[in-house]
Amino acid sequence: MSYAISMRRPCPEMTQFLRMIGLALAFAFALVSMAQAQSARPESFADLAERVSPAVVNITTSTTVASRLDEGPRLPEGSPFEDFFRDFFDGPQGQPPNRPRRNQALGSGFVISDDGFIVTNNHVIDGADEIRIEFYSGLELQAELIGTDPATDIALLKVTHDAPLPHVPWGDSEASRVGDWVLAVGNPLGQGFSVSAGIISARGRALQGNFDDYIQTDAAINRGNSGGPLFNMDGEVIGVNTAILSPTGGSIGIGFAMSSHVATNVVDQLLTYGSTRRGWLGVRIQDVTEEMAEAIGLERAEGAMVTDVMEGPSRDAGMQAGDVILRFDGGAVRNTRMLVRRVADAGVGVDVDVIVFRGGEEITLSVVLGQRELAEAAGSLAPPQSEETPPEPSSFLGMELQPLSDALRAEMNLSPGMNGLVVRQVEADSDAARKGIEVGDLITEANQQPVATVADIEARAEEAREAGRRSLLILLRRGGDPRFVALGL
């Protein structure tokens, strides 16, 4: 049997029909694509905002501050107004009396349990004599301070109420991804409850502390948002809003929230002990460079090199200066920051295996971790003190900078191990002045590297110039509040 294939020209009706089928398929595909895009991007955040807002609180703190005797007008002896101002200010030579005054500050927080535990930033309530909590419903309650952790800027408060309080659950920040939608709720600039939406811009950011794990977001965060929650789309808290990067002090779309991975661990310890209890190895360490790795015969520039072994757990285990810590408690150590966080999270009194590289071979040491807070209290973490006279201020980019000394640390109420450069003077026409840098600010990092001397920050500036950069990114602290500033080179 044979078959003949006839090649005939299709009729116009069939052509029109096929064209209509194609258009219908294209339209259906477009509808499916639009539906997928809409499912990825919510039409509105209203339902989520309505659900979580009752658990977000405004925090007002009051602090008693002694007035300075030099705040009033000084009048020359024999001035005709001398008696008048002396009577008015009730002080000698027309000076005000040393009467205390009340300072108020605003911040945000969120309730994590129906019995009234509230999380906020440490810098929101630091030094406060009185802490008032205002709920979304208008309810106002007095708060008790349970515990604080300045290292992560987390504080835990407690209020008491007859009825269960609205609260929000923690979420898993480790499961969040760059590009995910987030919602920030708080009390920006004292304007009351406010909601802003954005995405996660980056993860794993470090600002200053050894235990930092910040989520970067473009959701608007302003002064007063500090301590407020950063929500995922399930209404779970994945971050505690803490700091912004801004040359003006307002939001420019670069905000930072401490991840729930860090915050939940801190809050659990504050709930249990009233303070943190972090693991401690008892060593000083630094990152391994390519040159260092080659010099000691290490294949890759990884791990944490031990520069000093203090009296404590590591010395008892036989660790030595010059050892490179490659693995801790079964996990690889890429750098010093990773090691510090893993040691802190491991707990106190835990027996862990630490693998070090020494003399061309790997050695396993068994270390029973101590408690970091006890070591800090004993001064074990403070670097060796020099007997030399503190360096004089030096000029840099329109600023007079002075390295921290023991006297300055005590004067500024800083921890013994804190390093940085104190701003002693700012030239009026300098870029630093235009960017809002003030006398008394503490510069702790430049280009995300710690600085302890003027030579350090000059070296970071030179590195930036050699890399073709036109600005130097510095991290400064003012009253415990971290802030990035980009200075023109």
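Here, the structure is the one placed above.
Fair warning: this is a prediction, and the values are worked out from it, not measured in the lab.

Things to note about the pairing of strand 4 (residues 130–134)
Here's step 1: Residues Ile 131 and Ile 133 point to one face of strand 4 and are all buried, whereas Glu 130, Arg 132 and Glu 134, pointing to the other face, are not buried.
Here's step 2: Across three bridges, the pairing between strand 4 and strand 5 (residues 140–142) is antiparallel. Along strand 5, the bridge assignment pairs Glu 134 with Glu 140.

Re the environment of Gly 204
Here's step 1: As for its position among the elements, Gly 204 is in strand 9 (residues 194–205).
Here's step 2: In sequence terms Gly 204 and Ser 259 are 55 residues apart; their C-alpha atoms lie 8.5 Å from each other.
Here's step 3: Look past the residues within four positions of Gly 204 in its chain and what remains in contact with it is Asp 213, Tyr 214 and Arg 337.

As for the pattern of salt bridges
Here's step 1: By the definition in use, this model includes 18 salt bridges.
Here's step 2: Two residues, Asp 149 and Arg 278, come together in a salt bridge whose shortest N-O distance is 2.4 Å. One end of the pair, Asp 149, is in strand 6 (residues 144–149); the other, Arg 278, is in the loop between helix 5 (260–273) and strand 14 (279–280), with 129 residues separating them in the sequence. Each member of the pair, Asp 149 together with Arg 278, is buried.
Here's step 3: Glu 373 serves as the salt-bridge partner of Arg 278, at 3.9 Å between the closest nitrogen and oxygen. Here the residue Arg 278 occupies a position in the loop between helix 5 and strand 14, and Glu 373 occupies one in helix 9 (residues 372–377), the gap between them amounting to 95 residues.

With respect to empty space enclosed by the protein
If a probe the size of a water molecule is rolled over the atoms, the empty space left behind becomes visible.
Here's step 1: Considering all chains together, one arrives at two cavities of 30 Å³ or more under this definition.
Here's step 2: Approximately 110 Å³ is the volume found for the largest cavity.
Here's step 3: In this structure, the largest cavity is lined by Thr 152, Phe 211, His 261, Val 262, Asn 265, Val 266, Gln 269, Arg 278, Arg 341, Ala 344 and Asp 345.
Here's step 4: Breaking the lining of the largest cavity down by element, the ones donating at least two residues are helix 5 and helix 8 (336–346).
Here's step 5: With five residues, the top contributor of residues to the lining of the largest cavity is helix 5.
Here's step 6: Considering only residue class, the lining of the largest cavity consists of four nonpolar, four polar and three charged.
Here's step 7: Reported here for the second largest cavity is a volume of approximately 30 Å³.
Here's step 8: Lining the second largest cavity we find Ser 173, Glu 174, Arg 203, Gly 204, Asp 213, Tyr 214, Ile 215 and Ser 259.
Here's step 9: Mapped by element, the contributors of at least two residues to the lining of the second largest cavity are strand 9 and strand 10 (214–217).

What about helix 5?
Here's step 1: Relative to the 20 Å expected for 14 residues at 1.5 Å per residue, helix 5 spans 19 Å between its end C-alpha atoms, a close match to the ideal helical length.
Here's step 2: Along helix 5, the residues classified as buried are Ser 260, Val 262, Ala 263, Val 266, Val 267, Gln 269 and Leu 270.
Here's step 3: Buried residues along helix 5 sit in contact with strand 3 (117–121), strand 6, strand 7 (154–158), strand 12 (237–245), strand 13 (255–259) and helix 8.
Here's step 4: Taken from the residues just after helix 5, Gly 274 is the one with a positive phi, measuring 85°.

Observations regarding the nonpolar core
Here's step 1: Ranked by size, the top nonpolar core spans 29 residues in total, and within it Phe 110, Ile 112, Val 119, Ile 154, Leu 156, Val 168 and Phe 231 carry the most contacts.
Here's step 2: Sorting the residues of this core by element identifies helix 2 (46–52), strand 3, strand 7, strand 8 (181–186), strand 12, strand 13 and helix 5 as the ones contributing at least two each.
Here's step 3: Considering every element that reaches this core, the biggest residue donor is helix 5, with five residues.
Here's step 4: Residues within four places of Ile 112 in sequence aside, it is in contact with Phe 117, Val 119, Leu 156, His 167, Val 168, Trp 170 and Val 267.

Structural notes on the environment of Ser 173
Here's step 1: Counting through the fold element by element, Ser 173 comes out in the loop between strand 7 and strand 8.
Here's step 2: The spacing of Ser 173 and Asp 213 is 40 residues in sequence and 9.9 Å in space, taken between C-alpha atoms.
Here's step 3: Within the structure, the side chain of Ser 173 is placed 3.1 Å from the backbone nitrogen of His 261, a separation counted as a polar contact.

Examining the side chain of Ser 173
Here's step 1: Take Ser 173: its relative accessible area is 2%, and that puts it in the buried class.
Here's step 2: Those residues within four positions of Ser 173 in sequence are excluded, and the remaining contacts are Arg 203, Ile 215, Ile 238, Ser 259, Ser 260 and His 261.

What to know about unusual backbone geometry
Here's step 1: Even without glycine at this site, Asp 153 takes up a positive phi of about 60°.
Here's step 2: Topologically, Asp 153 is positioned in the loop between strand 6 and strand 7.

Some remarks on the environment of Glu 462
Here's step 1: With respect to the element layout, Glu 462 can be found in helix 12 (residues 454–466).
Here's step 2: Of the residues examined, Glu 462 reaches a relative accessible area of 39% and is grouped as partly exposed.
Here's step 3: C-alpha of Glu 462 to C-alpha of Leu 489: the two residues are 27 residues apart in sequence and 9.3 Å apart in space.

What counts and what doesn't
- Residues numbered from 1 in each chain as written.
- Predicted model: local features only at pLDDT ≥ 70, side-chain atom pairs only at ≥ 80, totals over all residues.
- Heavy atoms only, no water.
- Buried < 20%, exposed > 50% of the residue type's maximum accessible area, 1.4 Å probe, protein only.
- Helix = DSSP H or I, 4+ residues; strand = E, 2+ residues; numbered from the N terminus.
- Pairing = 2+ DSSP bridges.
- Contact = heavy atoms within 4.5 Å.
- Salt bridge = Lys/Arg side-chain N within 4 Å of Asp/Glu carboxyl O.
- 1 Å grid on protein atoms, 1.4 Å probe; cavity = no way out; pocket = protein on both sides within 12 Å on 5 of 7 lines; lining within 4 Å.
- Points joined across faces, edges and corners; volume = space filled by probe spheres on them.
- Nonpolar A, V, L, I, M, F, W, Y, C, P; charged D, E, K, R; others polar.
- Expected span 1.5 Å × (residues − 1).
- Core = buried A, V, L, I, M, F, W, Y, C linked by side-chain atoms within 4.5 Å.
- Polar contact = N/O pair within 3.5 Å; in protein donor to acceptor, adjacent residues only side chain to side chain.

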